[in-house]
Amino acid sequence: MRLRDSHALGRMPIDSLWARQLSLIAGGHLAWSLRKGRETEGTGSRGRRRQRRRPGNGRGVAASLSSGREFRTQYIRRRSQLLRENAKAGHPPALRRQYLRLRGQLLGQRYGPLSEPGSARAYSNSIVRSSRTTLDRMEDFEDDPRALGARGHRRSVSRGSYQLQAQMNRAVYEDRPPGSVVPTSAAEASRAMAGDTSLSENYAFAGMYHVFDQHVDEAVPRVRFANDDRHRLACCSLDGSISLCQLVPAPPTVLRVLRGHTRGVSDFAWSLSNDILVSTSLDATMRIWASEDGRCIREIPDPDGAELLCCTFQPVNNNLTVVGNAKHNVHVMNISTGKKVKGGSSKLTGRVLALSFDAPGRLLWAGDDRGSIFSFLFDMATGKLTKAKRLVVHEGSPVTSISARSWVSREARDPSLLINACLNKLLLYRVVDNEGTLQLKRSFPIEQSSHPVRSIFCPLMSFRQGACVVTGSEDMCVHFFDVERAAKAAVNKLQGHSAPVLDVSFNCDESLLASSDASGMVIVWRREQK
């Protein structure tokens, strides 16, 4: 696609810089941009260097860089530099929105649609899209002095701003005719995968697909499908092991059991590429596992020698993992070196039970057993944590689960947090600013007074009226709620467990749902095909 095609998409004039960028994206060759940036680098009082002709076979710089990550990295850096150089001139907001819309369409046609960033940390359906998404988010931090906060911590000033994010979401939504689909590739993907069905129809389940019982008699506190995967599943148990399961081809099987922890495994997380897992245990260690063969790559002791209760990968840099322990501390760990990151520790008011990043990885929320949720600003360059806000959900009520989502549906267009806090309620909060301040939006009735129950947002961005969340419950059921339905928010309830349901996890296309309980049983539910 050439520039004339991009003009046809918008049917209105475009700023010359943005037009040039759209042309580069559409053509797929960045020779002008890269050569221009390199040959003018280092100019001073002597004036700019003259652009030099390069001998070759006509392909030039683009051909030499067209493969590998260097190509994408240099493009993003150069594009960011050009945008900053022209920012002083100012551009009408409508023109900016049009540019972003056209650019998204061109990138989508060239590389395919982007996944919703909040869906189980699945930022892409391919390595190319993953790299492009990551670099696109990182551009906001590079060489921009406005991104530095008062305490020296880098803060987002562009799409990282939650107020700006909500405004942009609404602007896109309001441009559409009433009742139309959200104009995102993720919404189109959900239409293709889910079909033209209502929420109640879409979350109707035909029954149990399979039951795993290898951990019977010990609770399974966490179950997770691999990122962007339909049939690979893992679960951890208080018996000290982790099971890797494969659902296809039939019959579903346990591929391998990871053993090494001397006490119960409290939590684990898949890396973005699914090649490694990180687990935390009550034996005061975290372990790094290779998912391909099940070997333990590294064992890392907790810096405080305390029980480790939760963990999560930094979504942009999977070399960093955040863990929470029983001595009230949060630590950022470098899993390559096995060491704690300098400045990457902070103390909460109680035992740290839950952790969750926002999609760009700039905000971290941590919940403790005293009923508090803390937000932290995360420095992308150094891994430093800066404490920002504190919310007391309910004094003395443990916060057992935190899930973050940037955009739930066309009705719920604000960044949101889903909270379980032993209040016999599932809580939905709105994120109102870029320091992680929370505002209660609504709650849903469940049974939870003592067990570490978890909940999730459904992974597909909904194009329908409404959007669903799923939670475990101490009544031994799995509950589905529509976050935008004013009355009778319950959409479905799955019965089959014989103990409190502790965790739930959808696969990438929502065709399967896994749930685990306090007796060690894991049930995989199959959605009805419409």
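- The protein chain is annotated in an unreviewed UniProt entry as WD repeat-containing protein 13 from Sapajus apella.
- Of the protein chain, the UniProt comment under Subcellular location (unreviewed entry) reads exactly: "Nucleus".

## Observations concerning the environment of G436
Here is step 1: Mapped onto the elements of the fold, G436 is located in the loop between β20 (425–431) and β21 (438–445).
Here is step 2: The class for G436 is buried, based on a relative accessible area of 3%.
Here is step 3: With 19 residues separating them in the primary sequence, G436 and L417 have C-alpha atoms 9.8 Å apart.
Here is step 4: Apart from the residues lying within four places of it in its own chain, the contact partners of G436 are L363, W365, S375 and V431.

## Here we look at the sheet that holds strand β10 (residues 308–313)
Working definition: the strands of a sheet are paired by backbone hydrogen bonds and lie parallel or antiparallel to each other.
Here is step 1: Taken in spatial order, the 4 strands line up as β10-β11-β12-β13 in an open sheet, and their pairing is antiparallel. Of all strands in the sheet, those with a lone pairing partner are β10 and β13 (339–347), marking the two edges. The sheet shows a mean angle of 20° between the axes of neighbouring strands, direction not considered.
Here is step 2: Inspection of the sheet shows β10 paired to strand β11 (residues 320–325) by 5 bridges, in the antiparallel sense. If you follow F313 over to β11, its bridge partner there is T321.

## What to know about the pattern of salt bridges
Here is step 1: Using the criterion set out here, one finds 13 salt bridges in the structure.
Here is step 2: Between R351 and E307 there is a salt bridge, with its nearest N and O atoms 3.8 Å apart. Here R351 is found in the loop between β13 and β14 (352–357), whereas its partner E307 is found in the loop between β9 (296–301) and β10, with 44 residues between them in sequence.
Here is step 3: Judged by its relative accessible area of 31%, R351 falls in the partly exposed class.
Here is step 4: Overall, E307 belongs to the partly exposed group, its relative accessible area being 23%.
Here is step 5: Between D369 and R351 there is a salt bridge, and its shortest N-O distance comes to 3.8 Å. In this pair, D369 sits in the loop between β15 (363–368) and β16 (372–378) while R351 sits in the loop between β13 and β14, placing the two residues 18 residues apart along the sequence.
Here is step 6: Members of the salt-bridge network, linked through shared partners, are R263, E307, R351 and D369.

Cut-off values and rules
- Residues numbered from 1 in each chain as written.
- Predicted model: local features only at pLDDT ≥ 70, side-chain atom pairs only at ≥ 80, totals over all residues.
- Heavy atoms only, no water.
- UniProt positions renumbered as here; feature names shortened; annotations may be inferred.
- Helix = DSSP H or I, 4+ residues; strand = E, 2+ residues; numbered from the N terminus.
- Buried < 20%, exposed > 50% of the residue type's maximum accessible area, 1.4 Å probe, protein only.
- Contact = heavy atoms within 4.5 Å.
- Pairing = 2+ DSSP bridges.
- Axes fitted to C-alpha atoms, helices over the stretch in contact; angles between N-to-C directions.
- Salt bridge = Lys/Arg side-chain N within 4 Å of Asp/Glu carboxyl O.

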